[in-house]
Amino acid sequence: MEPDQQFQFSVFFCQQLDPQQDLHSRELERVWGSRIRFFPMQCSGRVEALHLLKALEEGADRVLVLTCPEGRCRYKEGNLRVRKRLEYARSLLEEIGLEPLRLELRAAPAQGPRNIARILEPVLQEPWEHGPSPLRNGGVQGDLSPEGRNS
Amino acid sequence: MITGTRKPMEEILAMIAPYRRVLVAGCGTCVAECASGGEKEVGLLASQLRMDSRLRKIPLEVGEITLDRQCVYEFIDQLTAFLEKYDAVLSLACGAGVQAVAEVFPSWVILPGLDTSFLGQTKQAGLWLENCRGCGECRLHMFAGVCPITRCAKKLFNGPCGGSQAGRCEVSPEAECAWHLILQRLESQNRLECLEEIYPACDWSRQQGRGPRRIQREDQRT
């Protein structure tokens with residue numbers, strides 16, 4: 001991949017998913033380097049729309065929320081609540097013309113290893129149609145002084 | 001609680017268009033409870049505005065602050081230290097809060113970020129219902145704590161209209177019939193005789209027609 005096509009990922013994941021999450025997240029960090037940032041949450045239900053917007057604002061091209069399989073949330077409905085919050089966050093992105101699908105929710109498979117590296121590897125390799133975030137190089141240099149407001 | 005909903009983004013963007021430094025100011029009381037103007041919502045709106053400015057390549061600096069209340073001078077005063085850095089304040093308080101801030105800082109531009117809606121209660125998570133019109137003549141004691149002025153679509157004072165079905169309002173089936181509730185509760189309290197009383201129409205002059213209402217208590221004044 002060319003450097004300008006290298007995407008930045010932010011991953012919010014439920015800590016209940018993987019007992020060896022530190023080991024497995026480091027495994028992915030060794031491969032993806034600073035292009036991937038992990039945000040472990042006690043439950044995916046703790047993820048707020050604000051977390052997702054901040055991740056995009058701070059440079060992520062693609063934000064993934066990794067939840068427990070449906071019906072398997074330790075706190076009953078955390079993985080259902082985050083679904084609604086993600087939809088809300090998507091609606092906020094739509095309002096400003098940023099692709100809502102930069103926010104994604106993935107439920108871990110009901111069967112399979114409790115290993116976030118194994119779960120995420122195929123997701124990270126997927127072709128990504130939305131490209132780099134238009135926010136990435138969007139820092140605006142301009143006159144912020146009160147006198148410059150009409151310029 | 002005073003409720004409100006955030007204004008559409010286009011309206012907000014049009015309001016702030018002339019300004020380069022905008023302070024998004026939340027209110028930690030009523031509008032925080034109804035998830036439209038508290039600290040979280042300030043963060044969300046500020047983040048949206050920052051991203052929007054980057055997308056449209058418009059220079060904009062967005063600050064964030066949330067006061068405990070925007071309708072009380074002691075709290076509004078906390079803005080004093082920040083205002084010099086901003087061209088405008090986008091307030092996520094109710095209309096009362098916006099006006100109070102505008103009165104304290106008359107030379108600053110204070111913009112409303114919410115459409116203030118009604119006095120209501122949090123019925124369940126994410127659901128707020130209007131239950132008080134602020135008519136100025138509360139008779140809830142006669143109606144077992146259910147306001148027919150607010151919760152009856154026809155504002156009937158002297159009994160049900162007869163159109164409700166299975167306890168739901170015929171005008172808005174998603175709402176419970178206020179008179180159905182009143183009857184149920186009075187019956188459970190053995191106070192059905194309250195219904196025999198004929199109530200005079202509400203004195204609307206207390207609510208409307210005399211300009212802005214005021215409450216003045218000498219014991220509270222300095």
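Please refer to the structure placed before this passage.
Quantities reported herein were computed from a predicted structural model and do not represent experimental measurements.

Draft legend 1. Structural detail: the overall build of chain B. Helix and strand counts for chain B come out as eight helices and seven strands. Overall, chain B is about 65 × 45 × 30 Å in size when its C-alpha atoms are taken along their principal axes. Relative to its 222 residues, chain B shows a buried fraction of 33%. Partitioning the intrachain contacts of chain B with sequence separation of at least 6 by distance along the chain shows that 58% fall at a separation of at least 24.

Draft legend 2. Local environment of the sheet that holds strand 2 (residues 36-41) of chain A. Residues and elements named next belong to chain A. With parallel pairing, the four strands of this open sheet are ordered in space as 2-1-3-4. The open sheet has two free edges, formed respectively by strand 2 and strand 4 (103-107), since each of these has just one partner strand. Direction aside, the axes of adjacent strands within the sheet are offset by 20 degrees on average. In this structure, strand 3 (residues 62-67) lies alongside strand 4, joined through five bridges in parallel fashion.

Draft legend 3. A look at the packing of helix 2 (residues 49-57) of chain A against helix 3 (residues 78-95) of chain A. Residue and element names in this part refer to chain A. Two elements in contact, helix 2 and helix 3, have axes separated by 8 Å at closest approach and are oriented at 45 degrees. Regarding the angle of helix 2 to helix 3, the classification is oblique. Regarding helix 2 and helix 3, the two cross each other, and that crossing is right-handed. The residues of helix 3 that touch helix 2, namely those facing Ala 49, Leu 52 and Leu 53, are Arg 85, Leu 86, Tyr 88, Ala 89 and Leu 92. Class assignment of the residues belonging to the contact of helix 2 with helix 3 gives a composition of seven nonpolar, no polar and one charged.

Draft legend 4. Looking closely at the pairing of strand 2 (residues 21-27) of chain B. All names here are of chain B. Judged by how many residues are buried, strand 2 sits mostly within the fold: six of seven residues are covered. Bridge analysis of strand 2 against strand 3 (residues 61-67) gives seven bridges, and the strand direction is parallel. Bridge pairing in strand 3 links Cys 27 to Leu 67.

Draft legend 5. Spotlight on helix 3 (residues 39-55) of chain B. Residue and element names in this part refer to chain B. Here helix 3 spans 24 Å end to end across 17 residues, near enough to the 24 Å set by a 1.5 Å rise per residue. A large share of helix 3 lies buried, amounting to 13 of its 17 residues. Lys 57, located one to two residues past helix 3, shows a positive phi value of around 55 degrees.

Draft legend 6. Structural detail: the environment of Arg 35 of chain A. You can see Arg 35 of chain A is positioned in the loop between helix 1 (21-32) and strand 2. Linking Arg 35 of chain A and Ser 10 of chain A, residues 25 residues apart in sequence, is a C-alpha distance of 8.3 Å.

Draft legend 7. Representation of unusual backbone geometry in the model. Residue and element names in this part refer to chain B. Phi at Ala 144 is positive, roughly 50 degrees, even though this residue is not glycine. Judged by the 17 C-beta atoms lying within 10 Å of it, Ala 144 is partly exposed. We note that Ala 166 has phi near 50 degrees; this positive angle belongs to a residue other than glycine.

Draft legend 8. Representation of the sheet that holds strand 7 (residues 127-132) of chain B. Residues and elements named next belong to chain B. If you walk across this open sheet you meet the three strands as 1-6-7, and the pairing is antiparallel. Where the open sheet ends on each side, the last strands, each with one partner, are strand 1 (2-6) and strand 7. Sheet twist, expressed as the average angle between the axes of neighbouring strands with direction ignored, equals 70 degrees. Relative to strand 7, strand 6 (residues 114-124) is paired through five bridges, and the arrangement is antiparallel. For Leu 119, the partnering residue across the bridge sits in strand 7 and is Cys 132.

Draft legend 9. Spatial organisation of the nonpolar core. Ranked by size, the top nonpolar core spans 76 residues in total, and within it Leu 52 and Leu 66 of chain A together with Val 22, Val 24, Val 31, Leu 90 and Leu 92 of chain B carry the most contacts. Membership of the second largest hydrophobic core comes to eight residues, among which are Phe 143, Val 146, Cys 152 and Ala 178 of chain B.

Draft legend 10. Focus on the pairing of strand 6 of chain B. Residues and elements named next belong to chain B. Across four bridges, strand 1 lies against strand 6 in antiparallel orientation. Within the sheet, the bridge partner assigned to Arg 6 lies in strand 6 and is Leu 114. Where strand 6 folds back onto strand 7 in an antiparallel hairpin, the turn is made up of two residues, including Gly 126, whose phi is positive at roughly 80 degrees.

The rules we used
- Residues numbered from 1 in each chain as written.
- Chains lettered and ligands numbered in written order.
- Predicted model: local features only at pLDDT ≥ 70, side-chain atom pairs only at ≥ 80, totals over all residues.
- Helix = DSSP H or I, 4+ residues; strand = E, 2+ residues; numbered from the N terminus.
- Buried ≥ 20, exposed ≤ 12 C-beta atoms within 10 Å, placed from the backbone.
- Contact = placed C-beta atoms within 7 Å.
- Pairing = 2+ DSSP bridges.
- Axes fitted to C-alpha atoms, helices over the stretch in contact; angles between N-to-C directions.
- Parallel < 35°, antiparallel > 145°, perpendicular 65-115°, else oblique.
- Left-handed = near helix turned anticlockwise from the far one by under 90°.
- Nonpolar A, V, L, I, M, F, W, Y, C, P; charged D, E, K, R; others polar.
- Expected span 1.5 Å × (residues − 1).
- Core = buried A, V, L, I, M, F, W, Y, C linked by C-beta atoms within 7 Å.

So yeah, pure geometry; function would need other evidence.
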